[in-house]
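# Per-entry structural report
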Amino acid sequence: MAELGMADPERAALDLLLRGFQVSRMLRLVADLGVADRIAPDGGTTLDELAAACGVHPQPLMRVLRALASFGIFSVAAGGGISHTPRSHLLRTDAPNSLCHAARFWTAPGSWRAWEELDAAMTGGVPHEVAWGQGRFAYLREHPQEARLFDAMMANFPDNRHAAIAAAYDFSGARLIYDIGGGNGAALRHILARFLAPRGLVLDLEDVVRSVQPEGLMGGRITMQAGSVFDGVPAGADIYMMNRVLHDWGDQDCARILHACRTAMAPEALLLLGEQILEPDPAQGRPSSYLIDTQMMAMFGRARERTVDEFRSLLTEAGFALRRVVPTASPISIVEAAPVAVGMQES
Ligand SMILES: C[S@@+](CC[C@H](N)C(=O)[O-])C[C@H]1O[C@@H](n2cnc3c(N)ncnc32)[C@H](O)[C@@H]1O
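The residue numbering used here restarts from 1 in each chain and proceeds along that chain's sequence as written. Thresholds applied to this predicted model are a pLDDT of at least 70 for local features of residues and 80 or more for the giving and counting of side-chain atom pairs; totals over whole chains, interfaces and linings are not thresholded and use all residues.

### Quick look at the overall build of the protein
Think of it this way: any DSSP run of H or I at least four residues long counts as a helix, any run of E at least two long counts as a strand, and we number them from the N terminus. When its secondary structure is counted, the protein shows 16 helices and 10 strands. Every radius of gyration here is taken over C-alpha atoms, with the globule rule written as 2.2 Å times N^0.38, N being the number of residues. Taking 2.2 N^0.38 as the reference for a compact globule, 347 residues should give roughly 20 Å; the C-alpha atoms of the protein span a radius of gyration of 22 Å, in line with that estimate. Within the span of the protein, comprising 347 residues, buried residues form 37% of the whole. Neighbour counting defines burial: a residue surrounded by 20 or more other C-beta atoms within 10 Å of its own C-beta is buried, one with 12 or fewer is exposed, and intermediate counts give partly exposed, using backbone-placed C-beta atoms.

Shown next, in the form of structure tokens:
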């Protein structure tokens, strides 16, 4: 049998995918060390200077940087000078929508150890619970550093969804927008910067709400309210928005969340779900969509990304009519739904 070598492009591509975790882990290392911030955007630095600034030994750092440079992340010159590439530039904390938080997050202990237990999901278990003995949000509450990293990663997610949602939907008619599970308020900040009339309220868990600094509240236009959506949602908004919230939950919990919104909403209020719609055919969909779907499985078990039909069915069950799906410049779409008047629902 002829020997199969790396001349086979399929073999070479699969080989790199098999070792993808090594790249992710090295990216976390350099992000934790702040390497990208220590290299001037338009200049460079020497290995020794960089290692000293990071407080590490030059040689192991060089080996990591060389490996990343082979993927176009940082440039390592023959003489040892280190400079930026377009990819490494995205790891600077001052890059717009920086990917530094994502680099630190994906292989942070909570997620990393849950993925080790992925097999548990195949027989109905929840990998995160097997790894940590507790649910994801309870874990984050007990690990504040990782929780704030999660909030920062959500606010600067690679999909750039908050800016895209603000640009794609006309919020000008709203006076009050509730962002349920709105994290540190990033989506509302983008929306209220673009639309001057509305005010906003974020309902999220207590530790998340408490961590938001006053300068993030746009001079009082944003209010942070601590609470659980499962205990009810306040009344009074024109728009009830949930971005990447339902994907954290299985169908039964989604039904409870939607019911809480439906109960609070006036007849003319609207519900907006910012979600990455799952394309059932993987040949047509984006890899990031299936990766986030499996991330949900690793973290929450039954939580998942959904197709339009699955959203429609959840909404119908909860007393809403799906009105339209608004695409955005990011992979996120906005599913717009309106409460159906009691007595008008299909039986
Ligand atoms: C995947 S994050 C999405 C954050 C934000 N909407 C965004 O798009 O960046 C889910 C959010 O739901 C919040 N959350 C989890 N359980 C909740 C609950 N019971 N009530 C309200 N918010 C909750 C989390 O703290 C987190 O901020």
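### Focus on the sheet that holds strand β3 (residues 82-83)
The rule for pairing is simple: two strands pair if DSSP sees at least two bridges between them. Overall, antiparallel pairing links the three strands, which are arranged β1-β3-β2 in an open sheet. Edge positions in the sheet fall to β1 (44-45) and β2 (75-76), since each of these pairs with one other strand and no more. Of the strand pairs in this sheet, β2 and β3 are connected by two bridges, and their pairing is antiparallel. Residue Ser 75 lies in a different strand from β3, and its bridge partner there is Ser 83.

### A few points about the site of the ligand
Near, for a residue, is defined by distance from a backbone-placed C-beta atom to a molecule or strand, with 6 Å as the limit that must not be exceeded. Near the ligand there are 19 residues, and of these Met 154, Gly 181, Gly 183, Ser 228 and Asn 243 occur at the shortest range. Secondary-structure elements contributing two or more residues to the shell around the ligand are α10 (144-155), α12 (186-194) and β5 (199-204). For this classification, the nonpolar set comprises Ala, Val, Leu, Ile, Met, Phe, Trp, Tyr, Cys and Pro, the charged set comprises Asp, Glu, Lys and Arg, and every other residue, Gly included, is treated as polar. Within the shell around the ligand, the residues separate by chemical class into 11 nonpolar, five polar and three charged.

### With respect to the pairing of strand β9 (residues 320-327)
When β9 meets strand β10 (residues 333-339), the two strands line up antiparallel, connected through seven bridges. If you follow Val 325 over to β10, its bridge partner there is Val 335. Counting the residues between successive antiparallel strands, the hairpin from β9 to β10 contains five residues.

### Section: the nonpolar core
General note: in soluble globular proteins, nonpolar side chains tend to be found buried as a group. With 86 residues, the main nonpolar core has Ile 177, Ile 180, Ile 239, Tyr 240 and Leu 271 as its most contacted residues. Residue contributions to this core peak at six residues, all from helix α15 (residues 287-300). In this description, any two residues whose backbone-derived C-beta atoms lie within 7 Å of each other are considered to be in contact. Setting aside anything within four residues of it in sequence, one finds Ile 239 in contact with Phe 171, Ala 174, Ile 177, Ala 269, Leu 270 and Leu 272. Any nonpolar core is a set of buried residues, restricted to Ala, Val, Leu, Ile, Met, Phe, Trp, Tyr and Cys, that join up through C-beta atoms within 7 Å.

### Observations regarding α10
The end-to-end C-alpha distance of α10, which contains 12 residues, comes to 16 Å, matching closely the 16 Å that a straight helix rising 1.5 Å per residue would cover. Taken as a whole, α10 has its buried residues at Phe 150, Asp 151, Ala 152, Met 153, Met 154 and Ala 155. Considering only its buried residues, α10 is in contact with α6 (100-105), α9 (136-142), α12 and α13 (206-210). Given the number of residues in a helix, its expected span is that number minus one, multiplied by 1.5 Å.

### With respect to the packing of helix α11 (residues 161-168) against α12
Every axis in this analysis is a line fitted to C-alpha atoms, fitted for helices over the stretch in contact. Angles between the N-to-C directions lie between 0 and 180 degrees. The interhelical angle for the contact between α11 and α12, taken along N-to-C directions, is 35°, at an axis separation of 8 Å. Relative to α12, α11 is oriented so that their crossing is right-handed. Residue-level inspection shows His 162, Ala 163, Ile 165 and Ala 166 of α11 in contact with α12, the latter providing Ala 186, Ala 187, His 190, Ile 191 and Arg 194. Residue composition of the contact of α11 with α12, grouped by class: six nonpolar, two polar and one charged. Should the near helix be turned counterclockwise from the far one by less than a right angle, the crossing is left-handed, whereas a clockwise turn marks it as right-handed.

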